[in-house]
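Coordinate analysis (summary)
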Amino acid sequence: MTSAPDPAPAPDPSADPSADPSADPSADPSADPSADPAADPSAAASGPRGLDLERLRDHLDRARPGLVAGPLTGRLIEGGRSNLTYEVGDGSSRWVVRRPPLGHVLATAHDMRREHRVIAALHGTAVPVPEPLLLCEDEAVLGAPFYVMEYVDGVPYRTAGELAALGPERTRRAVLGLVDTLVDLHAVDPEAVGLGDFGRPEGFLDRQLRRWGKQLAASRGRELAGIDELHGSLGRALPESPAPTVVHGDFRLDNVLIGGPDDRIRAVLDWEMSTLGDPLTDLGLLVMYSSDLGLTDSPVSTTSAAPGHPAPAELIERYAARSGRDASQVSWYTAFAWFKLAVILEGIHYRFTLGQTVGPGFDRIGELVPVFIEHGLTTLQEG
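Residues numbered from 1 in each chain as written. Predicted model: local features only at pLDDT ≥ 70, side-chain atom pairs only at ≥ 80, totals over all residues. Heavy atoms only, no water.

Moving on, we get to the overall build of the protein chain. Assigned secondary structure in the protein chain consists of 12 helices and 11 strands. Sequence separation of 24 or more characterises 72% of the internal contacts of the protein chain that already satisfy a separation of 6 or more. For the protein chain, the exposed surface amounts to about 15600 Å²; the carbon and sulfur share of it is 50%. (Helix = DSSP H or I, 4+ residues; strand = E, 2+ residues; numbered from the N terminus. Contact = heavy atoms within 4.5 Å. Areas by Shrake-Rupley, 256 points an atom, 1.4 Å probe, with all protein chains shown as cover.)

As structure tokens, then:
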């Protein structure tokens, strides 16, 4: 649950697409000023860049006759990860369009078919996801594959300040609901929903560790004390994975929509890194995002400071009790999450040193990497 200059990774096209992907510089919108669809002043007439409303309307009329009742309008929804998300409406109904970023990107790094497949499989289960309405792989329509899903009302809480506005009781309920939703996700039988071949869970953690090690090597531009020690220690203490499940890959508070009088999770979003694998990787990442960085005035922060936010230990205990899984080794998974985020942030810092990033905050990302490394080492040692 961080607020940062989009540190989330995009898939590594050279890697197994069924595994949690690694960061790819070509997928980071911050590396390409032309990748900002909202930056085009002429967007009001034809839609934001990357979303040709006339072509979209024509396609929807052919593929889903009667769905659209009037002229379309569209806007970019801010805060997405590497893929672009738009709200589209006809004056009476609203939908969401997801497509890859603009510019030169590697197709396998932004697999719309894969995202559409997982939400289609999960729709109707206990996992709240938007209803998928259409997948279009014809690049002549919008210049890239895309899919359309229902619009879900809700709020993605990205900072402690935003979450604090709920008050302690509602904040606690919302965060505990996040854990319960994760348990529901990991309870889904992949075979039963048609996802039995969605990944290669055998050797999942070993591949993950090697892949992120390669990503680190590709982003090395300076000495980083402790990073090799952390990577090596993780490899020597590799746990035995439980039975594989569908994993989200980036499960955190700002990737869900919360709404209604009971502050329930109405939709889980951003499935671009989902696969079959070790469910405790999702838990470890959630625990990391629920931990205090111990920093003030930082471009990266967590929501842990919000009054009422449950402590990581309570989240782990709740997950273990409700899922029935052994979470005694969650410190390894949390340390692995610290390592991954350190690698991602170092990649952003490396691109900043090359002049390939735009926007505020990037000049301070580099100073955060040692903090994530230290948290990873400490977590592993205390575990």
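Next comes the rest of the write-up.
Attention shifts here to the packing of aromatic side chains. Using the criterion set out here, one finds 3 aromatic pairs in the structure. Between the aromatic rings of Trp 332 and Tyr 333, the centroid separation amounts to 5.2 Å while the plane-to-plane angle is 80°, which identifies the pairing as edge-to-face. With relative accessibility at 2%, the residue Tyr 333 sits in the buried group. Through a chain of ring-to-ring contacts, the aromatic side chains of Trp 332, Tyr 333 and Phe 336 assemble into a single cluster. Positioned above the aromatic ring of Phe 198 is the side chain of Arg 114, whose terminal nitrogen or guanidinium carbon lies 3.9 Å from the ring centre. (Phe/Tyr/Trp six-rings, centres within 6.5 Å; stacked < 30°, edge-to-face > 60°. Buried < 20%, exposed > 50% of the residue type's maximum accessible area, 1.4 Å probe, protein only. Lys NZ or Arg CZ within 6 Å of the ring centre and 35° of its normal.)

A word on helix α12 (residues 369-382). Between its first and last C-alpha, α12 extends 20 Å over 14 residues, near the 20 Å set by a 1.5 Å rise per residue. When we look at burial in α12, the residues that qualify are Val 369, Phe 372, Ile 373, Gly 376, Leu 377, Thr 379 and Leu 380. Taken down its axis, α12 places every buried residue within 165° of arc, on the same side. Turned more than 90 degrees away from the buried face of α12, the exposed residues are Gln 381 and Glu 382. (Expected span 1.5 Å × (residues − 1). Arc of directions from axis to C-beta.)

Moving on: the confidence of the model for the protein chain. In the predicted model, the protein chain carries a mean pLDDT of 86, and the fraction of residues at 70 or more is 85%. Taken as a whole, residues 2-44 scores under 50 in pLDDT and shows 134 contacts with residues more than four places along the chain or in a different chain. Confidence drops under a pLDDT of 50 for residues 104-109, and excluding neighbours within four residues, the segment shows 12 contacts in the predicted structure. (pLDDT = per-residue confidence, 0-100.)

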